[in-house]
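# Understanding the architecture of this molecule
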Amino acid sequence: MSIIRDVTLEALNYIHNDDILIFIGARQTGKTTILRQIQKSLEKESTAVYFINLEDPDYLSLLNENPKNLLKLFSFDLNKKSYVFIDEIQYLTNPSNFLKYFYDEYKGKIKLCVSGSSAFYIDKKFNDSLVGRKKLFYVRTLSFKEFLRFKNENKLIDNDFKNLSITEKEKISFYYHEYMLYGGYPKVVLSDFDQKIDLLMDIAYSYVKKDIYEAHIKSNEVFYKLCKILASQIGGLVNTSELANTLGISKTAIDNYIYILQKSFHISLVRPFYMNVRKELTKMPKCYFMDTGLRNFFVSSFESFKTRKDKGQLLENACFRQLVDSNNEDNIKFWRTIQGNEVDFIVNEKIAYEVKVDENQFRKSKYSVFMQMYKSIPIAIVTLDKKVEMVEGCQVFDVWEI
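Structure report, in brief. Note that residues are indexed from 1 along each chain, following the sequence as it is written. At least 70 in pLDDT is required for a residue's local features to be given in this predicted model, at least 80 for side-chain atom pairs to be given and counted, and no such filter applies to totals for whole chains, interfaces and linings, which use all residues. With hydrogens and water stripped out, all remaining heavy atoms of the structure feed into the side-chain values.

The nonpolar side chains of soluble globular proteins are, as a tendency, buried together. What is meant by a nonpolar core is a set of buried Ala, Val, Leu, Ile, Met, Phe, Trp, Tyr and Cys residues, joined one to another through side-chain atoms within 4.5 Å. To sort residues, take the accessible area from a 1.4 Å probe on protein chains only and compare it with the maximum for the residue type: under 20% means buried, over 50% means exposed, and anything in between is partly exposed. Membership of the largest hydrophobic core comes to 103 residues, with the highest contact counts inside it found for L70, F98, L112, F144 and L230. Only DSSP runs of H or I with at least four residues qualify as helices, and only runs of E with at least two residues qualify as strands; both kinds are numbered from the N terminus onward. Broken down by element, the residue count for this core peaks at eight residues, all from helix α11 (residues 220-232). Any two residues whose heavy atoms approach within 4.5 Å are treated as being in contact. Among residues more than four places away in sequence, those in contact with F144 are F161, I172, Y175, Y176, Y179, Q322, D325 and W400. Core analysis: the second largest hydrophobic core is formed by 16 residues, L21, F23, I38 and V49 among them.

Next comes the structure, spelled out in structure tokens:
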């Protein structure tokens, strides 16, 4: 029996309305499994449910020929509502027209639930014609809470990490160390330790390669070199001109590669937070990987957190990944001035987080400029295996608590 994902539970709240449900995310994050989970839930209600995968060339050819051919594939009773699940919808020549046609012509009779990889591909094809007709669900690698569910540790998350005993905190810490090293791809999480790196290699060199192929990128080697560079400079500013010089390609090509990595859900760019453009920094973003396991693969390091040299970068990336699970990506910013004053994350303009491997290294005076400019935004400290609750009047959080 597959383990229920949070996005599955969210989607079930929309299953009986008329919206087209669209699940997008990186390859191997479990989109097909989620469609199957929803399908199984509907079948318990004795509902008419059908499933097709457009990686099958026969189905793809038929639906590309004419959207109405879907009606020939199954025996629909148009007096009752039927549900059609379509995996890998992005392979259609014009997926938005296909979905719009069935919504407009068969609303209330045929509901479509579809999945697609490589959101950059979907982005260009799913145009404004679907506005008001669709509900998008982003399928990421497992959140830490889902990771614990996959480890059969439901009791640890029953109270949302509240009122934990010392033993429970130690167990959570043990699991978080694994989560940070190997990430949250479902197959990786469920595999034995001696298989995890091989699976991440397969994701990097097989599934990411499909994104490259579909984006019509000719130089795999340069693309992967860019991935390695971005993975090695977590927390630093992304200067596309410098990257172009380093890799010997145009800035336009670098911009395109980064766009593809974003829209394939492998990285996210965090933009600067500022109120005074003249006093605060440039528009250059920072880059984080959406899965720390994939990031660690690209830097070729799966050493334990305590012994690795890049523990600060890894912890900062892990903090970002935690924030994404409970906040809109666009509402996560960083702050940095030309003079070098910096705060790692500003979330919803309500709270600032500074990441520290050792929370006792935090000095409040270093952030006096920020605190003077933004008196209403408190600063908190994020670490792993915290030793104290407060440092210089600032609250300390374990990374899994935020």
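Once that is clear, we can look at empty space enclosed by the protein. Both cavities and pockets are sets of points on a 1 Å grid over the protein atoms alone; in a cavity a 1.4 Å probe fits but cannot get out, in a pocket the set is open with protein on both sides within 12 Å along at least five of seven lines, and lining residues sit with an atom within 4 Å of a point. Grid points are joined across faces, edges and corners, and a volume is the space filled by probe spheres set on the points. As enumerated under the stated definition, the model contains two cavities of 30 Å³ or more in all. In this structure, the largest cavity spans a volume of roughly 70 Å³. Around the largest cavity, the lining residues are A26, T29, V139, R140, T141, Y185, F265, H266, M290, D291 and L294. In this classification, the charged set is Asp, Glu, Lys and Arg, the nonpolar set is Ala, Val, Leu, Ile, Met, Phe, Trp, Tyr, Cys and Pro, and all remaining amino acids, among them Gly, are polar. When grouped by side-chain class, the residues that make up the lining of the largest cavity number six nonpolar, three polar and two charged. Lining the second largest cavity are D18, K81, Y103, K107, G108, I110 and K111. Taken together, the residues that form the lining of the second largest cavity break down as two nonpolar, one polar and four charged.

At least two DSSP bridges between two strands are needed for those strands to be called paired. Here we have five strands laid out as an open sheet, ordered β2-β3-β4-β1-β5, and parallel in their pairing. Of all the strands in the sheet, just β2 (48-53) and β5 (134-139) have a single pairing partner and so form its edges. Taking each pair of neighbouring strands and ignoring which way they run, the sheet shows an average axis angle of 15°. To get an axis, a line is fitted to the C-alpha atoms, and for a helix only the part in contact is used. The angle between two axes follows their N-to-C directions and goes from 0 to 180 degrees. Its contacts with the sheet place helix α2 (residues 31-43) against β1 (20-25), β2, β3 (82-87), β4 (110-116) and β5, and it is angled at close to 165° to β3. Most of the contacts of helix α5 (residues 95-106) go to β4, to which it runs at about 165°, and overall it touches β1, β3 and β4.

To continue, consider the layout of surface pockets. Of the volumes computed, that of the second largest pocket is approximately 450 Å³. Lining the second largest pocket are 22 residues, and of these Q28, G30, K31, T32 and T33 sit closest to its centre. Broken down by element, the residue count for the lining of the second largest pocket peaks at four residues, all from α2. Partitioned by chemical class, the residues of the lining of the second largest pocket number six nonpolar, eight polar and eight charged.

Here we take up the packing of helix α8 (residues 166-182) against helix α15 (residues 311-326). Contact geometry of α8 with α15 gives a least axis separation of 10 Å together with a crossing angle of 100°. Taken together, α8 and α15 sit at an angle that is classed as roughly perpendicular. For the pair α8 and α15, the contacting residues are Y176, Y179, M180 and L181 in the first and L314, L315, A318, R321 and Q322 in the second. Here the contact of α8 with α15 is built from residues that sort into seven nonpolar, one polar and one charged. For this classification, under 35 degrees means roughly parallel, over 145 means roughly antiparallel, 65 to 115 means roughly perpendicular, and everything else is oblique.

What follows covers the pairing of β1. Buried residues dominate β1, accounting for six of its six residues. Inspection of the sheet shows β1 paired to β5 by six bridges, in the parallel sense. From the neighbouring strand, I22 faces β5, where its bridge partner is L136. Relative to β4, β1 runs parallel, the two being bridged by four bridges. Directly across from F23, in β4, lies its bridge partner S115.

So, on to α2. Any helix carries an expected span of 1.5 Å times its number of residues minus one. Taking 1.5 Å of rise per residue, the 13 residues of α2 would be expected to cover 18 Å, and the 18 Å separating its terminal C-alpha atoms lies within 8% of that figure. Residues of α2 that are buried: K31, I34, L35, Q37, I38, Q39 and L42. Packing partners of the buried residues in α2 comprise α1 (6-12), β1, β2, β3, β4 and β5.

When you line up the elements, Y288 lands in strand β7 (residues 286-289). C-alpha of Y288 to C-alpha of L314: the two residues are 26 residues apart in sequence and 9.7 Å apart in space. For Y288, the contacting residues outside a window of four places in its chain are I234, G235, H266, I267, S268, V270, E316, N317, F320 and F345. Looking at Y288, its side chain comes within polar contact range of the side chain of K286, at 3.3 Å. Nitrogen and oxygen atoms within 3.5 Å of one another constitute a polar contact, given that in protein one can donate a hydrogen and the other can accept it, and given that sequence-neighbouring residues count only through two side-chain atoms.

Below, the discussion takes up unusual backbone geometry. Positive phi, close to 55°, is recorded for N348, a residue that is not glycine. Despite not being glycine, E392 shows a phi value in the positive range, around 50°. Looking at the secondary structure, you find E392 in the loop between β12 (390-391) and β13 (394-398).

Take the sheet that holds strand β11 (residues 379-383) next. Spatial ordering of the open sheet is given by β7-β6-β8-β9-β10-β11-β13-β12, a layout of eight strands whose pairing is mixed. Edge positions in the open sheet fall to β7 and β12, since each of these has one partner strand only.

Further remarks concern a negative patch on the surface. A residue counts toward a patch only above 30% relative accessible area and without a salt bridge, and it is joined to like-charged neighbours within 9 Å or, for Val, Leu, Ile, Met, Phe, Trp and Tyr, to nonpolar neighbours within 5 Å. Accessible areas in this description were obtained via Shrake-Rupley with a 1.4 Å probe; residue shielding takes into account the shown protein chains only. A pair is scored as a salt bridge if a Lys or Arg side-chain nitrogen falls within 4 Å of a carboxyl oxygen belonging to Asp or Glu. Counting rule applied: Lys, Arg positive; Asp, Glu negative; His and chain ends not counted. The location of each charge is read from NZ of Lys, CZ of Arg, CG of Asp or CD of Glu. Taken together, the side chains of D192, D194, D198 and D202 define an acidic patch exposed on the protein surface. Overall, the relative accessible area of 63% leaves D194 in the exposed class.

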